[in-house]
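Coordinate analysis (summary)
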Amino acid sequence: MQNKYRFIFFLIIFIFFQVTLFAQTKETIRKHVEYLASDALEGRLPCTTGDSLAANYIKKHLESKNVNPFESGFYQYFDIDIGVKTASTNKFTIGNTNLKLFDDFEPVNVSAIGNYKSELINIPFDSLKSGSFVPEARNNWIAVETGSYVPKVREYMRWATSAAKENIYGIVFIVNSLGNEKICSPILCSLQNKQLVRTQYRGSNKLFIKNNKGDVSKITFCQGVFRAPIPLLIVTKKSYEAIVANSGLSGQSGIAVNATIEVSPITSQTQNVLGYIKGTEHPEQYIIIGAHFDHLGYGGHETGSREPDRDEIHYGADDNASGTAAVLGLATRLSNNPLPVSVIFAFFASEEMGLLGSQYMTQNLPVEKNTIKAMLNYDMVGRMNENTLSIGGVGTADAFSTIIDTLKTQLQIRKSPYGTGPSDHASFNSEGIPVLYFSTGVHIDYHTPDDVASNINYQGIMSVIDYSELLLREISMPQSDLTYCQTEPQKLTHATRNSLKVSLGIMPDVTGGDNTGLTIMGVTAGGVADRAELKKGDKIINIDGTPIQNIYDYMEKLQHIAPNQISNITIERDKKRKVVLIKF
C-alpha cells in the first residue's frame, strides 16, 4: 500500500511539473509576442530603433539557449533602400512663376531626374487612366487634376510608361494638398553615414531635414525605390489655379514649364539574425527554420498598410511576432533535445519590403547549399481558428505529403503543394530547396494597427510548435526523401502583383487550399469586392468562364482584365453557387 501511495505521489509531482513547464512555455511565448508587438518597438520598421531592439531581443534569447553563432556572429548585415530623399535643389517654373518646393510642388518619389523644358497642357484625368491622349499632348507635358486621390506607386509607373510611349514628356498632378501639413519643423540631420537611424517623426512616413547650411530636404520612407521613364510632379490646386488665372492657360493652350528634379534613394543597414544547433548524428546536414521579424512601423502610403491614413503603430502581433515567437519556441525545444541534423534558426529582416532579408541570405548562405535538406517558414501563426493549420510547399519534396498525412495530430491540416507565396520560403524555393510554409491564415486586422498581442491565440502557437517538433523529427531522418520538386505552373512566371492593372480589393487565401477555389479571407472597405457585396468566406471558383482553383489561377486571370471591365464572378457561399456582376 505504501508503494502505491508513493507511486501516486510521484505521479502527481510529475503531472505538476509537466503542467508547470507547459504553462511557463506558453507564458514565454506570450512574453515574446507582447514585447515584439509593444509600443517600445514602434512596429519594427527596418533600420529603426525598433528593428534593432527586436534583433537584439532575438539574439539574447538564442544566446540564453546556447544556440551557436556563425563565424561572423549572430547578425548578418545588409544594405537596403529605405526610401527617397527629395533634395532642396528641386525647382519648378510654370510660365514666369517659380513654385516653392514642399509648399507649392514636389516631385513624385518615382520621378525621372534631370533638367527639363517643355510646354504644359491640360487633359482630363480619365484620359491619362485610359491611355487616350489628344494629339496636342504629344511632345509636351500634361497636367491632370487628381484632387484628393492618392495614386499607388504601380499606378504612377503604369501611367508614366503609357504616357512615355505616346511621346509625352512629363506629367503634373494637380492635387488638393501635398500632405505636408502634419510634418513638424525640420530636424538637423546628416545623411552621409550609411548607418542612418531611420526615424518616423510623430507617426509620419515623411521627415523634413536640414543641413548645416539650413537647406531643407525631405525623406519619404517607402517600400522599394523605382524610377519612372518621365518626370512626375505634384502641384497644389491652389497654386496651379493662381498661375492659370494670371497666364490665361485654359483648355488645350500651352504654357512653358522648366524643371530641375533631384530624387535619390536612401540606403541604410539592417540585419538578419542567424544561429545554429549542431546535429547529433549528421551535423553536416542542415534544416533551416525561419520567420521574419520586421513589420510596417507607423504605416502610411506605400508601406503595405491596409489603412494608410491611420498614423498609428502597426504592431504586427500576428505578422509576424507570432512566427518569430514560434521559432524562438522551437529553438528552446531543440536546444534541450537536438535533431539528428543541424538546425539553422533564421530571423529575417525586411520581408515586408519584398523578402529582402531571405533573398540576401540565400545569396550569402552560411553553409553550402547542397547541405540544406529543407527550409521551414513561419509567417502569421497566431490566429488559429477551428484548430486549423495551413501548410504550403508540401509538393516541393516527395516525403513531405506522406509524413504530414501519417503524423498523429489533433490539428486540421490544410495542404498546398506550391512552394511560392508572399513570404520568405519563396526565396529558398527559387533556389531549389524544399520548403514548408506554416500559417493560420489572413484576417481583417492584417496590416492594420489592430493586429495586437491581445488578439493572439497563444494556445494555437503552442500547437504549432508541438506539431512542428514532431514533423522536424520525421523529416530529419535519413530515410526521408527530400529531393526538391518544382511545383509551380509555368504560366505563372510573369503573373506578379505589379503587373496587374486591376484589383478586386480582397485578402485572398495565399496559404493553400484544396484546389477547389480561392477563399476570400477579408474584404477591403470601399473596394470592388465590397461594392459587389462579396464577403469573407466566399470562395471564388470562376471568373469570366475561367476556372479559379487557387491563388495562381486568380493572379493569372487578373492579368488579362482591364480597368472598368465588367466581369462575371462565380462564388460559392454556404455551399451554394452564385454569379456576381463586377466592374473593375
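The structure reproduced in this document is the subject of the present report.

What counts as what
Residues numbered from 1 in each chain as written. Predicted model: local features only at pLDDT ≥ 70, side-chain atom pairs only at ≥ 80, totals over all residues. Heavy atoms only, no water. Helix = DSSP H or I, 4+ residues; strand = E, 2+ residues; numbered from the N terminus. Buried < 20%, exposed > 50% of the residue type's maximum accessible area, 1.4 Å probe, protein only. Contact = heavy atoms within 4.5 Å. Areas by Shrake-Rupley, 256 points an atom, 1.4 Å probe, with all protein chains shown as cover. Salt bridge = Lys/Arg side-chain N within 4 Å of Asp/Glu carboxyl O. Core = buried A, V, L, I, M, F, W, Y, C linked by side-chain atoms within 4.5 Å. Pairing = 2+ DSSP bridges. Polar contact = N/O pair within 3.5 Å; in protein donor to acceptor, adjacent residues only side chain to side chain.

**Some details on the overall build of the chain**
- Tallying secondary structure elements over the chain gives twelve helices and 25 strands in all.
- The 584 residues of the chain split such that 52% are buried.
- Long-range contacts, defined here as pairs at least 24 residues apart, represent 77% of the contacts in the chain between residues at least 6 apart.
- Approximately 26,100 Å² of the chain is accessible, and the part contributed by carbon and sulfur atoms is 50%.

**Considerations on the pattern of salt bridges**
- All told, the structure shown has 18 salt bridges when counted by the stated rule.
- The closest approach of N and O atoms between Arg 30 and Glu 27, which form a salt bridge, is 3.7 Å. With Arg 30 and Glu 27 both in helix α1 (residues 2-36), this residue pair falls three residues apart, about one helical turn.
- When its relative accessible area of 28% is taken as the criterion, Arg 30 is described as partly exposed.
- Residue Glu 27 is classed as partly exposed on the basis of its relative accessible area, which comes to 35%.
- A salt bridge links Arg 473 to Glu 469; its shortest N-O distance comes to 3.2 Å. Residue Arg 473 and its partner Glu 469 are both found in helix α10 (residues 458-475); the two are separated by four residues, about one turn of the helix.
- Among the residues examined, Arg 473 registers a relative accessible area of 22% and is labelled partly exposed.

**Some details on the nonpolar core**
- In terms of nonpolar packing, the biggest core is built from 72 residues, with Ile 289, Phe 345, Tyr 378 and Phe 438 touching the most fellow members.
- By size, the runner-up hydrophobic cluster in this structure holds 25 residues, among which are Ala 137, Ile 142, Ile 168 and Ile 234.

**Considering the sheet that holds strand β4 (residues 105-107)**
- Read from one edge to the other, the open sheet built from eight strands follows the order β3-β2-β12-β5-β6-β7-β11-β4, with strand pairing classed as mixed. Two strands in the sheet have a free side with no partner beyond their single neighbour: β3 (97-98) and β4.
- Of the pairings in the sheet, the one linking strand β2 (residues 91-94) to strand β12 (residues 255-261) comprises four bridges and is antiparallel in character. Counterpart to Lys 91 in the pairing with β12 is Thr 260.

**A short note on the side chain of Ser 111**
- Here Ser 111 shows up in the loop between β4 and β5 (114-122).
- Separated by 3.0 Å, the side chain of Ser 111 and the backbone nitrogen of Leu 232 make a polar contact.

**Remarks on the side chain of Thr 388**
- By the element assignment, Thr 388 lies in strand β17 (residues 388-392).
- Given a relative accessible area of 19%, Thr 388 falls into the buried group.
- In terms of polar contacts, Thr 388 uses its side chain to reach the backbone carbonyl oxygen of Glu 386, at 3.1 Å.
- Apart from the residues lying within four places of it in its own chain, the contact partners of Thr 388 are Gln 412, Arg 414 and Thr 440.

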